[in-house]
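Chain residues, written in single-letter form:
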Amino acid sequence: MTPEQVLAIPPRVLTQAQREFYFSEGYILLEAIIGDGWVRKLRDATDEMVERSRKVTRSDLIFDLEPDHRPDAPRLRRVSNPTEHHPVFWQYVNESVLPDAVADLVGPDVKFHHSKLNFKWSKGGEEVKWHYDISFWPHTNYSPLTIGTYLYDCGMSQGPLGVIPKSHRIEPMLSQYDDAGKWVGCLSADDAAALDLDKAVYLTGPAGSLTLHNCRTIHGSPRNDSDLGRPLLLYTLTSADAFPYTTNPIKPAHDQMLVRGKRAAFAHHDPRPCLIPPDWSKGYTSIFSLQQEEEQSGAMM
Ligand SMILES: O=C(O)CCC(=O)C(=O)O
Ligand SMILES: [Fe+2]
C-alpha cells in the first residue's frame, strides 16, 4: 500500500498526526506504550536467555557474544531469532499493541520478517555505525519497518537508537560497500560525514517505549559506557504486500507469518531501486561482528 492508502484507513492506536509524522520523518517514538505486564514478561524471558548463554563459549546461531563473555560474567551482543527461543517473544508480537501500532503505519495486513534482541551491555556495549536496514533484506516495497522495545529506561548514556530525520527519502540510496567492493553494512565515513548529523534524534525513553524506524531511515547508536545495560528487543514487520527477493540472512522460522490481517493477493512494487546485499546463502556475519571487523565466519546476526 502507498502511504496515502494507509492514511485513508482509520487508525487503531496512533493519532493521524503520529502516522503523518512517521511518513514525513521516517521514524516515531511511542513513549511507554507497552504496559508493565508485558515489560515484566519480556524482562523475565530475556533473563532466561542470558542464563542460557552462560554455557556458551563462542558465538553461534543463537548467541552473538562479546569477546570477553564468561560463564560467571555474561556479555551478550545479541540473541538472534528470539521468537524461536522463548514463547513470550512470539506472543508479544502477536498479542500486544505492537502489531496494531504497526498496522497503522503499513496497513491492516502485517507480516513478520525477523526478530533480534540486541543488548549493548554495560561498560563497553558497542557502537552501531550509521546504516539503513533495507539493503540487508530488500523487499518489493519500502513498507518494512523495525520496532525496538526498550525493556528498561534508556537515557543518553545507555547508547539509545539515533535516527536521521527524513533520511528515508535520500535518493539514490547510499552504498554500504567499501571502495574495494566489500560489504561493510554501514555508510562510508565520507557519506556519514555529509549527513545532517547535528539533526540526529536520539530516541531515549522509559521502559516500555517503542522506537519505530522505516527500513530506509539511516540510524545507529553510540557505545554504552554506563553501568546499565540496554536490552533492545527488535522486530522487523512489513505490509503483507511486501515480498523479500533475497535470502533472509538469519532464516527465522516465523518468516512471512501474518501477525495481523490476511495474506496479500498482489505484491506491491515500489519503483525506487534498492541496493542489493551479498549472497547471504553463502553465509552471514552479524552487524556487530561486521562493523567491528571481526572474523567470525558463519556467525549469524
Ligand atoms: O541495537 C541498536 O542500537 C541498533 C541495531 C540495528 O540498527 C540493527 O541491528 O540493524
Ligand atoms: Fe539497523
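Residues numbered from 1 in each chain as written. Chains lettered and ligands numbered in written order. Predicted model: local features only at pLDDT ≥ 70, side-chain atom pairs only at ≥ 80, totals over all residues. Heavy atoms only, no water.

S.K.: What exactly am I supposed to notice about the coordination of the iron ion (ligand 2) here?
M.R.: Six octahedrally arranged donors around a metal ideally form angles of 90 or 180 degrees; four tetrahedrally arranged donors ideally form angles of 109.5 degrees. Protein-derived ligands of the iron ion (ligand 2) are His131 (NE2), Asp133 (OD) and His219 (NE2), with the metal-ligand distances lying across 2.1 to 2.2 Å. Mapped onto the polypeptide sequence, the residues donating to the iron ion (ligand 2) form the spacing pattern H-x1-D-x85-H. Of this pair, His131 sits in strand S5 (residues 128-131) while His219 is found in strand S10 (residues 219-221), placing the two residues 88 residues apart along the sequence. (Donors = N, O, S within 2.8 Å, 3.2 Å for Na, K, Ca; no water. Helix = DSSP H or I, 4+ residues; strand = E, 2+ residues; numbered from the N terminus.)

S.K.: Which parts of the structure should I look at to understand the site of ligand 1?
M.R.: What surrounds ligand 1 is a group of 10 residues, the closest being Arg78, Asn118, His219, Ser221 and Arg230. Here an oxygen atom of ligand 1 and a side-chain polar atom of Ser221 are 2.6 Å apart. The protein chains hide 96% of the 290 Å² of surface that ligand 1 would expose on its own. Taken together, the elements giving at least two residues each to the shell around ligand 1 come down to strand S4 (110-118) and S10. (Near = heavy atom within 4 Å. Polar contact = N/O pair within 3.5 Å; in protein donor to acceptor, adjacent residues only side chain to side chain. Areas by Shrake-Rupley, 256 points an atom, 1.4 Å probe, with all protein chains shown as cover.)

S.K.: Would you take a moment to explain the pattern of salt bridges for this structure?
M.R.: A side chain of one charge can pair with a side chain of the opposite charge if their charged atoms are brought near each other. Taken as a whole and assessed by the stated rule, the structure comprises 16 salt bridges. One salt bridge in this structure joins Lys199 and Asp196, with 3.2 Å as the shortest N-O distance. Linking Lys282 and Asp279 is a salt bridge whose minimum nitrogen-to-oxygen distance equals 3.5 Å. When its relative accessible area of 73% is taken as the criterion, Lys282 is described as exposed. Ionic contacts of the salt-bridge type, sharing partners, join the residues Glu171, Arg216, Asp270 and Arg272 into one network. (Salt bridge = Lys/Arg side-chain N within 4 Å of Asp/Glu carboxyl O. Buried < 20%, exposed > 50% of the residue type's maximum accessible area, 1.4 Å probe, protein only.)

S.K.: For this particular structure, what's the right way to read the pairing of strand S11 (residues 232-239)?
M.R.: A regular strand carries its side chains on alternate faces of the sheet. Within S11, 8 of the 8 residues are buried, which leaves the element mostly enclosed by the surrounding structure. Here 6 bridges tie strand S6 (residues 145-150) to S11, and the two strands are oriented antiparallel to one another. Bridging across to S11, Gly148 finds its partner in Leu234. (Pairing = 2+ DSSP bridges.)

S.K.: Explain the environment of Ile134 here, please?
M.R.: Mapped onto the elements, Ile134 comes out in the loop between S5 and S6. Once the C-alpha coordinates of Ile134 and Leu117 are considered, the two residues, 17 residues apart in sequence, prove to be 18 Å apart. The contact partners of Ile134, leaving out residues within four places of it in the chain, are His139, Tyr142, Pro144, Met173, Cys215, Arg216 and Cys274. (Contact = heavy atoms within 4.5 Å.)

S.K.: I'm lost on the state of the cysteines in this one. Help?
M.R.: Covalent bonding between the sulfur atoms of two cysteines defines a disulfide. Counted under the stated rule, the structure contains 0 disulfides. Counting only cysteine sulfurs, Cys215 is the nearest neighbor of Cys274, a cysteine outside any disulfide, at a range of 7.6 Å. In this structure Cys274 comes out as buried when scored by relative accessible area, which is 15%. (Disulfide = S-S within 2.5 Å.)

S.K.: Can you help me understand the sheet that holds S5 in this one?
M.R.: Pairing between the strands of a sheet comes from backbone hydrogen bonds, and it takes one of two forms, parallel or antiparallel. A sheet is described by the order of its strands in space; here 4 strands give the open sequence S5-S10-S7-S8, paired in antiparallel fashion. Only two strands of the sheet have a single partner each, and these edge strands are S5 and strand S8 (201-202). Alignment of strand S7 (residues 162-163) against S8, held across 2 bridges, turns out to be antiparallel. By the bridge assignment, Gly162 is partnered in S8 with Tyr202.

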